[in-house]
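Each chain, written out:
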Amino acid sequence: MDVVSDNVEQLKVLFPDAFTEGKIDFEVLKQILGGEVEEGEEKYGLSWRGKRRARQIALTQSAGTLRPCPQDSVDWDTTQNLMIEGDNLEVLKLLQKSYAGKVKLIYIDPPYNTGKDFVYADNFRSGIDHYLTVTQQVQEGGSRTSSERETYGRMHTAWLDMMMPRLRLARNLLKNDGAIFISCDDIEAGNVRALMDEIFGSENFVAQFVWQARKFTDARAITNISTDHEYIICYSRNAGFSARGVPRDEGKFANPDEDPRGPWMSRSILGLANKEQRPNLHYTITEPHTGRSFDPDPATGWRYAQDRMAGLIESGCIIFPKKDDGRPREKKFRADMKSDFIAFRSVIDWVRTSDGSDEVKELLGEGVFPFPKPTELIRRLVEQVAGVGDVVLDFFSGSGSTGHAVMKQNIADGAGRKFILVQLPEILSPANRDQGRAVKFCGEIGRESNISEITKERLRRAGAQLKAGSLSAEIDTGFRVFKLDKSNIRPWDATPKDLEQETLDSVDNILPGRSEQDVLYELLLHLGLDLCVPIETRVIGGKDVHAIGGGVLFACLPEEITPSDVEAIAHGIIDWHKELDPIGETKVYFRDSAFTSDEAKTNIVAILEQYSEPESQVKMIVRSL
């Protein structure tokens, strides 16, 4: 997806008179926008050296693709979940077309700027290969090196450079009623708010949750103040977002006096203002049968004005205390409650970091992944925001807590949410004392020593554990694995050293070693189709033919198609299309270099276009890669 071109097209629709010969006339645009344009030199907002560069990187197109890895996946043919290995900046770019406006909830736990290792050091020019050099798997010349990483310390600019383009791209993926939750600590909380105000708009700020992450006092506290909390900052895509709320505690309602109006609970009738502020809420209440009087608290007054209070007393909705020093309270009937839910609290004190560590310890063993977010924390957020069939995205997925939490919540309510996780295959070093156990674990399961392998293994084990304890066989605990790589399509070198050789190399424009499946999924990304779209494959004329989305797209991508293959392939596709009977036009894709002659290509196009005659009410469009 070309974000710049898309932005320009949207401007053309809104302000066509601001364009001259296809270019934006900013003077005209400023006139149209009138007083809404800020032209002063000093402006309110977050600024740092490199901000312009960080904004620009979000607008550049990716030169990569996502290669399918069925061998690493679970339930490849049926699952709707994705786990993608690679730099999340490039992955977010690649997802722009297929998932724009489709994600209901984003939860991320980005690296805290602690002054230790900081792996996301974006090189703005290196494109698809930069995560290899960032993790120092390769040097600039391509040779492998150790996994030791550069330390960026507490540089706010480096952290902001990393976050800004990713958040801009992430916003495009959210649904209009979607929301993003970002975990952070005191070091970057202020910058997160300022950055999100700029990208999402301050009017779309929802809440800054305070999470009591620590249960016990931090013995390492230098200032003798134990920092026991972290934050989760929430913004919505658009104004009007609302969380679902927490189910009411039905245990608080009872009917001890057999009131015909049903179960009730008592609640305070104290107000919120002193006499100077709200004099009408300061008066004496008299109990009808005893004549006892009760004065308000001078600091609060009563909840209701005197007329309404008199009505509540007359209807028996005010409960008077047995002791003179008590206070009257109100009967609140369950039947009068407008909703079965109450507000979700902004203070989270019911789960700790240690809970997440215990979960991973149970699944993977002691010390394999440090300080993972507990699934119960994320599950509650999923429960609040994402509903039936919604997509949940985490592009800093770590050990995979978000995927685990989504599966848990789906088992709880059967809502069939889907997750997309993205994790950098960050190399683990046996020389790093904190990573030794993780390296050993990867060796024990026969996988490479990197974090994304831990992510996948946790998802496998968590899914199996949840499915074993669930009564429903329909819960999706699988995931499709894709890996970020260079595009399957060979790029043309505009300034080749040897033009003749470059021309010969480009006859077959598919990179060596790339499979039909690799090319097929890159095609889906280019067309903006879901990476979990249903795909059926049949052998027709000795070649694999793929029907995507119930026949709206066909692809036949072998390395060779001869004139003798044409009849069988073309008529086989036509017969299959009639069988599927999709609505609307159908596109058929071939690998251009596969045709051994112009005759083969011309004939297959002619047969398919003949089938597309108006009387057949079918439009079949032939394309080649």
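The following paragraphs examine the structure supplied in this document.

The rules behind the values
Residues numbered from 1 in each chain as written. Predicted model: local features only at pLDDT ≥ 70, side-chain atom pairs only at ≥ 80, totals over all residues. Heavy atoms only, no water. Helix = DSSP H or I, 4+ residues; strand = E, 2+ residues; numbered from the N terminus. Buried < 20%, exposed > 50% of the residue type's maximum accessible area, 1.4 Å probe, protein only. Axes fitted to C-alpha atoms, helices over the stretch in contact; angles between N-to-C directions. Left-handed = near helix turned anticlockwise from the far one by under 90°. Contact = heavy atoms within 4.5 Å. Pairing = 2+ DSSP bridges. Polar contact = N/O pair within 3.5 Å; in protein donor to acceptor, adjacent residues only side chain to side chain. Phe/Tyr/Trp six-rings, centres within 6.5 Å; stacked < 30°, edge-to-face > 60°. 1 Å grid on protein atoms, 1.4 Å probe; cavity = no way out; pocket = protein on both sides within 12 Å on 5 of 7 lines; lining within 4 Å. Points joined across faces, edges and corners; volume = space filled by probe spheres on them. Nonpolar A, V, L, I, M, F, W, Y, C, P; charged D, E, K, R; others polar. Salt bridge = Lys/Arg side-chain N within 4 Å of Asp/Glu carboxyl O.

1. Notes on unusual backbone geometry
Note on backbone geometry: most residues besides glycine have negative phi, and most peptide bonds are trans.
Phase 1: One non-glycine residue, Asp75, adopts positive backbone phi at about 55 degrees.
Phase 2: By secondary structure assignment, the location of Asp75 is in the loop between β3 (64-68) and β4 (82-85).
Phase 3: Notably, Asp581 is not glycine yet its phi reads approximately 50 degrees, a positive angle.
Phase 4: Structurally, Asp581 can be placed in the loop between α16 (563-580) and β23 (586-590).
Phase 5: Residue Asp581 is classed as exposed on the basis of its relative accessible area of 59%.

2. So, the packing of helix α12 (residues 436-444) against helix α13 (residues 451-468)
Axis angle and axis distance: for two packed helices, these are the angle between their axes and the distance between the axes, and together they describe the pair.
Phase 1: In contact at an axis separation of 11 Å, α12 and α13 are set at 65 degrees when each is read in the N-to-C sense. The hand of the α12/α13 crossing is left-handed. On α13, the residues that touch Ala438, Phe441 and Cys442 of α12 are Ile454, Glu457 and Arg461.

3. Some points on helix α10 (residues 375-385)
Phase 1: The buried fraction of α10 amounts to eight of the eleven residues, a majority that puts the element mostly inside the structure.
Phase 2: Taken as a whole, α10 has its buried residues at Thr375, Leu377, Ile378, Arg379, Leu381, Val382, Gln384 and Val385.

4. Quick notes on the sheet that holds β23
Strand pairing in a sheet is mediated by backbone hydrogen bonds. Such pairs are either parallel or antiparallel.
Phase 1: Taking strand neighbours across the sheet as the criterion, the five strands line up as β20-β21-β22-β23-β24 in an open arrangement whose pairing is mixed. Of all strands in the sheet, those with a lone pairing partner are β20 (535-540) and β24 (620-624), marking the two edges. Taken over all neighbouring pairs, the strand axes of this sheet differ in orientation by 20 degrees on average, direction set aside.
Phase 2: Inspection of the sheet shows strand β22 (residues 553-556) paired to β23 by four bridges, in the parallel sense.

5. Some remarks on the side chain of His404
Phase 1: Within the secondary structure, His404 is located in helix α11 (residues 401-413).
Phase 2: On the accessibility criterion, His404 (3% relative accessible area) is buried.
Phase 3: Here Arg458 takes part through its side chain, which lies 3.0 Å from a polar atom of the side chain of His404.
Phase 4: Residue contacts for His404: discarding those within four places in its chain leaves Leu363, Thr375, Arg458, Leu459, Ala462 and Leu466.

6. What about the sheet that holds strand β19 (residues 480-486)?
Phase 1: As summarised here, the arrangement of the ten strands in space is β3-β19-β4-β18-β17-β5-β6-β8-β7-β16, forming an open sheet in which the pairing is mixed. One side of each edge strand has no neighbouring strand; the edge strands of this open sheet are β3 and β16 (347-348).
Phase 2: Where α10 meets the sheet, it contacts β5 (103-108), β6 (174-184), β7 (205-212), β8 (229-236) and β16, and its direction lies at approximately 160 degrees from that of β5.
Phase 3: The sheet strands contacting α13 are β4, β18 (418-423) and β19, and the helix crosses β4 at an angle near 165 degrees.

7. With respect to the packing of aromatic side chains
Phase 1: Applying the stated rule across the entire model yields eleven aromatic pairs.
Phase 2: Judged by centre distance (5.4 Å) and plane angle (65 degrees), the rings of Phe205 and Tyr235 are edge-to-face. Here Phe205, found in strand β7, pairs with Tyr235, found in strand β8; they are 30 residues apart in sequence, far enough to count as distant.
Phase 3: Phe205 gets classed as partly exposed once you look at its relative accessible area, which sits at 29%.
Phase 4: Here Tyr235 falls in the buried class, since its relative accessible area comes to 0%.
Phase 5: Here Phe209 and Phe344 contribute two aromatic rings whose centre-to-centre distance is 5.8 Å and whose plane-to-plane angle is 65 degrees, an arrangement assigned as edge-to-face. Residue Phe209 is found in strand β7, and its partner Phe344 is found in the loop between β15 (341-342) and β16; the two are separated by 135 residues along the sequence.

8. Points about the layout of surface pockets
Phase 1: Estimates place the volume of the second largest pocket at around 1000 Å³.
Phase 2: Taken together, 29 residues line the second largest pocket, and the ones lying closest to its centre are Asn7, Val8, Leu11, Leu59 and Arg168.
Phase 3: Among the secondary structure elements, those contributing two or more residues to the lining of the second largest pocket are α1 (3-14), α2 (26-33) and α6 (156-173).
Phase 4: Element by element, the count of residues in the lining of the second largest pocket is highest for α1, at eight residues.
Phase 5: Here the lining of the second largest pocket is built from residues that sort into 17 nonpolar, four polar and eight charged.

9. Let's talk about the pairing of β20
Phase 1: As judged from the six bridges shared by β20 and strand β21 (residues 543-548), these two strands associate in the antiparallel manner. Paired with Arg538 across the bridge in β21 is Val545.
Phase 2: Connecting β20 to the next strand, β21, in antiparallel fashion are two residues, including Gly541 with a positive phi near 60 degrees.

10. Here's the deal with the pairing of β7
Phase 1: Bridge analysis of β7 against β8 gives seven bridges, and the strand direction is antiparallel. What sits directly across from Phe209, in β8, is Ile232.
Phase 2: As defined by bridge partners, β7 adjoins β16 across two bridges and the pair is classed as parallel. In the strand pairing of β16, Val210 is matched with Val347.

11. Considering the pattern of salt bridges
Phase 1: Within the structure shown, the criterion is met by 41 salt bridges.
Phase 2: Across the pair Arg460 and Glu457 runs a salt bridge, and its minimum N-O distance is 2.8 Å. Pair noted here: Arg460 and Glu457 are both in helix α13, with a separation of three residues, about one helical turn. For the pair Arg460 and Glu457, a shared accessibility class is recorded, and that class is buried.
Phase 3: Look at the salt bridges and you will find they share partners, linking Asp72, Glu85, Arg447, Glu453, Lys456 and Lys483 into a network.

12. Let's talk about the environment of Val588
Phase 1: If you trace the backbone, Val588 turns up in strand β23.
Phase 2: Under the relative-accessibility criterion, Val588 is labelled buried at 0%.
Phase 3: Measuring from C-alpha to C-alpha, the distance between Val588 and Ile621 comes to 6.1 Å, with 33 residues separating the pair along the chain.
Phase 4: In this view, Val588 contacts Phe554, Ile573, Leu608, Met620, Ile621, Val622 and Arg623; residues no more than four positions away in its chain are not counted.

13. Comments concerning the side chain of Glu188
Phase 1: Looking at the secondary structure, you find Glu188 in the loop between β6 and α7 (189-200).
Phase 2: In this structure the side chain of Glu188 is engaged in a polar contact, spanning 2.8 Å, whose partner is the side chain of Asn191.

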